[in-house]
Amino acid sequence: MHYLNYAFFLLLWGWILSGGYVRYVVPLIGSVFTTLESLEESGQIFHRVLAFLVKIVLTVAQAYVLGIWSAYCVLRTMVFLLEPGTNGWLYYISAFIICEGILGIVAKREPYRGLLSVFHSAMAMGFFVIFALNPYFLASVYPWLPPLMKFPIG
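Criteria and thresholds
Residues numbered from 1 in each chain as written. Predicted model: local features only at pLDDT ≥ 70, side-chain atom pairs only at ≥ 80, totals over all residues. Heavy atoms only, no water. Helix = DSSP H or I, 4+ residues; strand = E, 2+ residues; numbered from the N terminus. Buried < 20%, exposed > 50% of the residue type's maximum accessible area, 1.4 Å probe, protein only. Contact = heavy atoms within 4.5 Å. Core = buried A, V, L, I, M, F, W, Y, C linked by side-chain atoms within 4.5 Å. Patch = residues over 30% accessible without salt bridge, like charges linked within 9 Å, V, L, I, M, F, W, Y side chains within 5 Å. Areas by Shrake-Rupley, 256 points an atom, 1.4 Å probe, with all protein chains shown as cover. Salt bridge = Lys/Arg side-chain N within 4 Å of Asp/Glu carboxyl O. 1 Å grid on protein atoms, 1.4 Å probe; cavity = no way out; pocket = protein on both sides within 12 Å on 5 of 7 lines; lining within 4 Å. Points joined across faces, edges and corners; volume = space filled by probe spheres on them. Nonpolar A, V, L, I, M, F, W, Y, C, P; charged D, E, K, R; others polar. Axes fitted to C-alpha atoms, helices over the stretch in contact; angles between N-to-C directions. Parallel < 35°, antiparallel > 145°, perpendicular 65-115°, else oblique. Left-handed = near helix turned anticlockwise from the far one by under 90°. Polar contact = N/O pair within 3.5 Å; in protein donor to acceptor, adjacent residues only side chain to side chain.

A. The side chain of Ser70, seen in detail. With respect to the secondary-structure elements, Ser70 resides in helix H2 (residues 45–80). Overall, Ser70 belongs to the buried group, its relative accessible area being 0%. Beyond its immediate stretch of four places on either side in the chain, Ser70 contacts Cys99, Leu103, Ala124, Phe127, Phe128 and Phe131.

B. Main features of unusual backbone geometry. Located in the positive-phi region is Lys150, a residue other than glycine, with phi close to 60°. Looking at the element boundaries, Lys150 is found in the segment after helix H6 (145–148). Note on Lys150: relative accessible area 71%, which makes it exposed.

C. How the structure looks around the nonpolar core. Within the largest apolar cluster, 32 residues are counted, with the highest numbers of intra-cluster contacts made by Tyr6, Leu10, Trp69, Leu75, Phe131 and Leu138. Listing elements by their share of this core, those giving two or more residues are helix H1 (2–40), H2, helix H3 (88–109) and helix H4 (119–133). Among the elements that take part in this core, H2 stands out by supplying nine residues, more than any other. In this structure, Leu75 is in contact with Leu138, Leu145, Pro146, Met149, Phe151 and Ile153, ignoring residues within four places of it in sequence. One finds Ile29, Phe33, Leu36 and Leu58 within the second-largest nonpolar core, a separate group that totals five residues.

D. Inspection of a nonpolar patch on the surface at higher detail. A cluster of nonpolar side chains, namely Ile45, Phe46, Val49, Leu50, Phe52, Leu53, Ile56 and Val60, defines an oily patch on the protein surface of about 760 Å² accessible area. Following the sequence through the fold, Ile56 ends up in helix H2. Relative accessible area serves as the criterion here: at 31%, Ile56 is assigned to the partly exposed category.

E. The layout of surface pockets, seen in detail. Computed from the structure, the largest pocket encloses a volume of approximately 280 Å³. Along its surface, the largest pocket is lined by 14 residues, and Leu17, Val65, Leu66, Ile68 and Trp69 are the ones closest to its centre. Those elements giving two or more residues to the lining of the largest pocket turn out to be H1 and H2. Ranked by the residues each element gives to the lining of the largest pocket, the list is headed by H2, at eight residues. In the lining of the largest pocket, the residues fall into 13 nonpolar, one polar and no charged.

F. Here's a closer look at the packing of H2 against H3. Running from amino to carboxyl end, H2 crosses H3 at an angle of 165°, the nearest separation of the two axes being 10 Å. Relative to H3, the element H2 is oriented roughly antiparallel. Here H2 runs over H3; the crossing is right-handed. Where H2 approaches H3, its residues Leu66, Trp69, Ser70, Cys73, Thr77, Met78 and Phe80 are matched on the opposing element by Tyr91, Tyr92, Ala95, Ile98, Cys99, Ile102, Leu103 and Val106.

G. The environment of Trp144, seen in detail. Relative to the elements of secondary structure, Trp144 occurs in the loop between helix H5 (135–141) and H6. Here the alpha-carbon distance between Trp144 and Leu10, two residues 134 residues apart in the chain, equals 20 Å. Every residue in contact with Trp144, bar those within four places of it in the chain, is listed here: Tyr64 and Ile68. A polar contact of 3.3 Å, which involves the side chain of Trp144, links it to the side chain of Tyr64.

Written out as structure tokens, the structure is:
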């Protein structure tokens with residue numbers, strides 16, 4: 001029952017994330033990318049550089065936001081592993097599959113507009129492994145998340 005509680009709520013929050021992100025954030029980012037592409041087509045070097053810099057900022061911001069999901073999955077797994085009688089391999093593998101699956105759903109629904117339009121999804125997927133292997137890095141990137149989940153790191 002403990003595992004079902006763990007997996008059910010991880011899937012529920014993942015479903016909410018994927019639906020909300022795709023419904024509200026992806027169209028907003030898409031309209032910004034459309035504006036930036038029209039700015040690049042003007043041909044002026046200043047406009048092209050400005051558009052590229054804004055795309056980089058958007059990519060970093062999206063990677064940070066989607067990385068919260070990876071951090072949440074790792075922290076939730078660590079919280080549940082504090083309970084006696086839990087097996088780490090089952091929880092980590094389940095969290096990995098659910099986390100990557102949800103991020104894959106988000107990535108599949110985003111339109112491809114060059115490398116910078118998909119780089120944030122790849123980074124967020126890689127964050128799960130990085131955070132699972134080094135939770136102190138998680139605490140440095142998202143210092144507000146472990147106290148929010150009542151799991152002290154460090």
